[in-house]
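Each chain, letter by letter, is given below.
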Amino acid sequence: MRIFLIGPMGAGKTTVGGHLAAMLQHSFLDSDQIIEQQAAQSTTEIINTHGEQHFRSLEQTVLQHNSLLPNIVLATGGGSILSRETRDLLPARGVICYLKVSVHAQMQRLQNDATRALLPQHPHRLRFLQDMQAKRDCLYEQIADIILDTDNHNPVTLANKLVPLIDNVDTSKRYSY
């Protein structure tokens, strides 16, 4: 079984994914971490040095290769769904869980985070996150098998909610919780 976690930054993909993988006895992978290890640079350094398009190309290669591995929970980068190739690839290879988060919750979770490459500093952060949500939300929903609201829930609770949903998912239908 392959499980792909999608959603914006601050949704909890990495944290929830780690707990979910442990519960399912799967391997946990994070596409951003894989890219950073392979490039020997942080995401911020890659984007600042080579540009976002280069980063997206690396991301696509990582997803193509790692999405074939068995028994994985793979946390994708928030912008990975911008690629038509990714939106075609992931549904064909596993169960997609969209961890949905409100802009308000993102602001709270990211308020002290200076490590996000594309996230502007505080004066422009709210507008940036609103714009990002407006552009991407429909893309996440388009490919998700399960949509789980992460606001006001801790990562362990979310992982516990996902386990039975994943076990019973019919990938020809969409579920929202």
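Residues numbered from 1 in each chain as written. Predicted model: local features only at pLDDT ≥ 70, side-chain atom pairs only at ≥ 80, totals over all residues. Heavy atoms only, no water.

S.K.: Pulling in residues and values, what's your account of the pattern of salt bridges?
M.R.: Applying the stated criterion across every chain, the model contains six salt bridges. In this structure, D137 engages K100 in a salt bridge whose closest nitrogen and oxygen atoms are separated by 3.6 Å. Taken as a pair, D137 in helix α7 (residues 122–143) and K100 in strand β4 (residues 95–100) lie far apart in primary sequence, 37 residues in all. Residue classification places D137 among the buried positions, given a relative accessible area of 17%. Counted as one network, the salt bridges with shared partners bring together E52, R56 and E59. (Salt bridge = Lys/Arg side-chain N within 4 Å of Asp/Glu carboxyl O. Helix = DSSP H or I, 4+ residues; strand = E, 2+ residues; numbered from the N terminus. Buried < 20%, exposed > 50% of the residue type's maximum accessible area, 1.4 Å probe, protein only.)

S.K.: Account for helix α5 (residues 84–93), naming residues and giving values.
M.R.: Every buried residue of α5 is listed here: T86, R87, L89 and L90. With a side-chain oxygen lying 3.2 Å from the backbone nitrogen of E85, the N-terminal cap of α5 falls on S83. (Polar contact = N/O pair within 3.5 Å; in protein donor to acceptor, adjacent residues only side chain to side chain.)

S.K.: Could you give an account of unusual backbone geometry, naming the residues involved and the relevant values?
M.R.: Although it is not a glycine, N71 adopts a positive phi angle of roughly 50 degrees. Locating N71 in the fold gives a position in the loop between α4 (52–66) and β3 (72–75). Its identity as a non-glycine residue notwithstanding, N152 has a phi of 60 degrees, on the positive side. Looking at the element boundaries, N152 is found in the loop between β5 (146–149) and α8 (155–167). On the accessibility criterion, N152 (79% relative accessible area) is exposed.

S.K.: Which residues make up the pairing of strand β1 (residues 2–6), and what values do they have?
M.R.: Looking along a regular strand, one sees side chains alternate from face to face of the sheet. With four of its five residues buried, β1 lies for the most part within the structure. With four bridges connecting them, β1 and β3 associate as parallel partners. Paired with R2 across the strands is I72, a residue of β3. Relative to β4, β1 is paired through four bridges, and the arrangement is parallel. Within β4, the position partnered with I3 by the bridge is V95. (Pairing = 2+ DSSP bridges.)

S.K.: Hey, could you go over the side chain of Q60 for me, with residue numbers and the actual values?
M.R.: Mapped onto the secondary structure, Q60 falls in helix α4. When its relative accessible area of 11% is taken as the criterion, Q60 is described as buried. Apart from residues lying up to four places away in sequence, Q60 is in contact with S83, E85, T86 and L89. (Contact = heavy atoms within 4.5 Å.)

S.K.: Which residues make up the packing of helix α3 (residues 43–50) against α4, and what are the values?
M.R.: Contact geometry for α3 and α4: axes closest at 6 Å, N-to-C directions at 130 degrees. Comparing the axis directions of α3 and α4 gives the class oblique. Counted together, T43, I46, I47 and H50 of α3 and E52, H54, F55 and L58 of α4 form the full contact between these two elements. Each residue belonging to the contact of α3 with α4 can be placed in one class, and the counts come to four nonpolar, three polar and one charged. (Axes fitted to C-alpha atoms, helices over the stretch in contact; angles between N-to-C directions. Parallel < 35°, antiparallel > 145°, perpendicular 65-115°, else oblique. Nonpolar A, V, L, I, M, F, W, Y, C, P; charged D, E, K, R; others polar.)

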